Amino acid sequence: MTKQSFKSIFLPALTTVFFVAMLSLQHSTWMVGLGIDLWILRGLFVSNEILVWLSGGWLFNRLLGLFFWDLLVGMYTEHHPPKMLVQISGIFVFFLTLSFIAHFVFDEPLTSILVTGGGLTIALGFGIQGLINDLFSSLAIQLDPPFKVGDFINVHHRYLESEGLIGRVEETNWRTTRMWTTGRNYIIVPNSYITTQILTNYSMPHSLSRFEMNYTLDFSIPSDRAIRVLTAALLDSVGPVGPVASPKPKAILTKVNSDGAVYKLKYFLEPAQVSPPKARNTINANVLHHLTNAGMTQAYAKQDIFIGKMPKRQRSWGNKEDRMHLLSNIDLFKDFSEEMLQAITSSLHLQKFKPEEVLFNQGDDGESLFILVEGLLEVSMPTEGEKEHLSFLRPGSFLGEMALLTGEKRSADVISCTESLVGELTKDSIMSLATDNPEILSQMTAVVAKRRLKNKEKASENGKNHQEAIRDEKKSLMARATNFFFGKKKVRP
């Protein structure tokens with residue numbers, strides 16, 4: 001018995017001993033000699049008997065909690081007994097004490113007490129049947145706990161298709177369960193409602209839970225291409241507001257319906273760290289970005305009626321006209337004229353890279369620029385035998401521009417995280433284009449200059465205004481690119 005346990009029974013034991021001693025004194029004849037009226041003595045005696053029973057019930061309840069709930073039940077179940085059961089046992093002891101007072105102090109027969117109590121219980125039960133339902137539901141939750149405080153749960157609406165009540169359990173008592181929802185609301189749910197609904201516990205048996213999303217794409221999109229784009233979008237979403245990196249998220253083709261091919265996106269979350277709606281928002285945003293850059297859209301309703309020529313819904317990098325349109329969305333070529341885009345489109349060479357395949361390593365020679373059109377690339381820097389992750393490149397990104405424009409060696413390692421489709425522009429193709437369209441070099445160096453200036457934050461370091469810094473950077477880069485491509489040969493501005 002601990003010191004705290006001794007303290008919990010010391011006061012009720014002392015109180016009981018005191019009132020028992022007072023009752024013993026009242027049984028002696030010395031108080032009669034004080035000249036106190038018999039009705040007062042009788043009142044004092046009855047009051048003391050009541051106090052003896054109440055203090056004894058108090059002591060019994062404390063001993064029951066100590067030896068039965070804490071020691072016996074605690075040792076058997078290896079955890080603290082449910083607080084609500086302890087409270088219910090205390091209420092039972094209290095009513096039992098009142099029954100003993102009625103019988104032993106006021107000489108009421110126990111049968112009449114039980115009959116009266118039963119009648120009152122039935123009448124009261126009809127009035128508070130909702131509370132009783134909550135009470136027994138709480139007992140079920142305590143005896144076979146489907147969750148604990150801190151767990152992230154979803155109480156589904158059985159007959160509705162909505163998500164239900166999603167949140168973290170803050171407290172469970174004899175009537176309600178209190179939750180902190182993903183909408184940052186504190187809600188109180190009756191336990192009877194929880195026990196009648198389907199409940200998902202995202203925190204059991206492990207903290208990681210798997211989630212799924214469906215995307216329906218058009219039949220015209222090859223399944224391997226769709227899986228490549230969707231998988232890259234999932235990997236792009238990994239982070240503090242998205243899925244975890246391990247187990248690895250993936251996309252699979254699950255079925256085909258009248259609208260198109262249905263792809264299931266599978267991913268894992270720690271709901272205690274990031275709520276499912278927030279992660280779903282991250283994934284949806286990245287999926288839309290990857291689909292847009294790949295020239296894809298979701299499947300459209302086949303009931304659409306078009307008067308006139310039907311608009312083109314899907315685009316492919318394999319089609320020359322589509323490639324021009326898609327290239328115009330990339331920052332490097334956004335300001336190019338249609339003639340320049342057509343020239344770039346003809347020179348762009350597409351190639352596929354498998355997962356973990358290397359595009360190039362730091363220090364490699366190179367005279368080409370790469371454009372990621374589908375998939376996901378990882379940029380890393382080798383340091384002391386290990387690779388330090390720098391960033392992921394999403395579709396629409398370009399890399400290797402300094403090797404193309406100035407012949408610099410590759411500055412980092414780049415590998416393909418998923419199956420990726422990459423476009424390549426070589427020095428020879430740019431040289432032949434720049435001979436007839438010298439503004440191509442000018443436009444490309446302008447975009448590259450802006451990006452280099454942003455990375456180096458040169459404008460703030462030199463105290464120059466932004467436009468002036470860009471002009472200086474572009475001029476320097478253009479001079480190096482012209483020298484690299486044409487040597488001493490002059491190119492008309």
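Refer to the structure above for everything that follows.
This structure is a prediction, so every number in the text was calculated from the model and none was measured. (Residues numbered from 1 in each chain as written. Predicted model: local features only at pLDDT ≥ 70, side-chain atom pairs only at ≥ 80, totals over all residues. Heavy atoms only, no water.)

Caption draft 1: Spatial organisation of helix α8 (residues 276-293). Its 18 residues place the ends of α8 26 Å apart at the C-alpha level, agreeing with the 26 Å of an ideal helix rising 1.5 Å per residue. Listed in full, the buried residues belonging to α8 are P276, A279, T282, I283, N286, V287, H290, L291 and N293. Angularly, the buried residues of α8 cover 160° about the axis, an arc narrow enough to put them on a single face. For α8, the exposed residues set more than 90 degrees away from the buried face come down to N281 and T292. Contacts made by the buried residues of α8 are with β1 (152-155), β6 (209-217), α7 (223-237), β8 (261-269), α9 (320-327) and β11 (368-374). At the C-terminal side of α8, G295 shows a positive phi close to 80°. (Helix = DSSP H or I, 4+ residues; strand = E, 2+ residues; numbered from the N terminus. Expected span 1.5 Å × (residues − 1). Buried < 20%, exposed > 50% of the residue type's maximum accessible area, 1.4 Å probe, protein only. Arc of directions from axis to C-beta. Contact = heavy atoms within 4.5 Å.)

Caption draft 2: Spotlight on the pairing of β1. Judged by which residues are buried, β1 turns out to be covered on both faces: F152 and N154 on one side and I153 and V155 on the other are all buried. Bridge count for β1 against strand β2 (residues 165-172) is four bridges, and the pairing is antiparallel. Directly across from F152, in β2, lies its bridge partner R168. When β1 meets strand β5 (residues 199-201), the two strands line up antiparallel, connected through three bridges. Bridge pairing links N154 to T200 in β5. (Pairing = 2+ DSSP bridges.)

Caption draft 3: Expanded view of the sheet that holds β6. Taken together, the three strands give an open sheet; going across it, the order is β6-β8-β7, and neighbouring strands pair in antiparallel fashion. Strand pairing shows two members of the sheet lacking a second neighbour, β6 and β7 (250-256), which therefore form its edges. Each strand axis lies, on average, 30° off the axis of its neighbour in the sheet, ignoring direction. One ladder, built from nine bridges, connects β6 with β8; its direction is antiparallel. What sits directly across from E212, in β8, is K266. (Axes fitted to C-alpha atoms, helices over the stretch in contact; angles between N-to-C directions.)

Caption draft 4: Focus on the environment of N257. Examined against the element boundaries, N257 turns out to sit in the loop between β7 and β8. Here N257 falls in the partly exposed class, since its relative accessible area comes to 30%. Residues N257 and T216, spaced 41 residues apart in sequence, show a C-alpha to C-alpha distance of 8.9 Å. When near neighbours in sequence (up to four residues on either side) are disregarded, N257 contacts T216, F219 and V262.

Caption draft 5: Fine view of the sheet that holds strand β12 (residues 377-383). Strand order in this open sheet of four strands is β10-β15-β12-β13, and the pairing throughout is antiparallel. Strands at the two margins of the open sheet, each flanked by one partner only, are β10 (358-360) and β13 (386-393). On average, each strand axis in the sheet is tilted by 30° relative to the strand beside it, whichever way the strands run. Examined bridge by bridge, β12 and strand β15 (residues 413-416) share four bridges and lie antiparallel to one another.

Caption draft 6: Seen up close, the side chain of E378. Here E378 lies in strand β12. Buried within the structure, E378 lacks any salt-bridge partner; K387 is the closest side chain of opposite charge, at an N-O distance of 7.8 Å. Engagement of the side chain of E378 in a polar contact is seen with the side chain of H389, the distance being 2.9 Å. (Lys, Arg positive; Asp, Glu negative; His and termini not counted. Salt bridge = Lys/Arg side-chain N within 4 Å of Asp/Glu carboxyl O. Polar contact = N/O pair within 3.5 Å; in protein donor to acceptor, adjacent residues only side chain to side chain.)

Caption draft 7: Structural detail: the pattern of salt bridges. Within this structure, the stated rule accounts for 12 salt bridges. Among the ionic pairs, R168 bridges to E170, the shortest N-O distance being 2.8 Å. Among the ionic pairs, K409 bridges to D365, the shortest N-O distance being 2.5 Å. A residue pair is termed long-range when its members are at least 10 positions apart, and K409 in the loop between α11 (401-406) and β15 and D365 in the loop between β10 and β11 qualify at 44 residues.

Caption draft 8: Quick look at α7. With 15 residues, α7 should reach 21 Å at 1.5 Å per residue; the first-to-last C-alpha distance of 21 Å fits that figure. Among the 15 residues that make up α7, 12 are buried, leaving the element largely enclosed by the rest of the structure. Listing the buried residues of α7 in full gives R225, A226, R228, V229, L230, T231, A232, A233, L234, L235, D236 and S237. Just downstream of α7, G239 is the residue with a positive phi angle, here 160°.

Caption draft 9: Looking closely at the packing of α7 against α8. Following both chains from N to C, one finds α7 and α8 inclined at 135°, their axes separated by 8 Å at the closest point. Classified by the angle their axes make, α7 and α8 are oblique. Viewed along their axes, α7 and α8 form a crossing whose handedness is right-handed. Touching V229, L230, A232, A233, L234, D236 and S237 of α7 are T282, I283, N286, V287, H290 and L291, all from α8. By residue class, the composition of the contact of α7 with α8 is eight nonpolar, four polar and one charged. (Parallel < 35°, antiparallel > 145°, perpendicular 65-115°, else oblique. Left-handed = near helix turned anticlockwise from the far one by under 90°. Nonpolar A, V, L, I, M, F, W, Y, C, P; charged D, E, K, R; others polar.)

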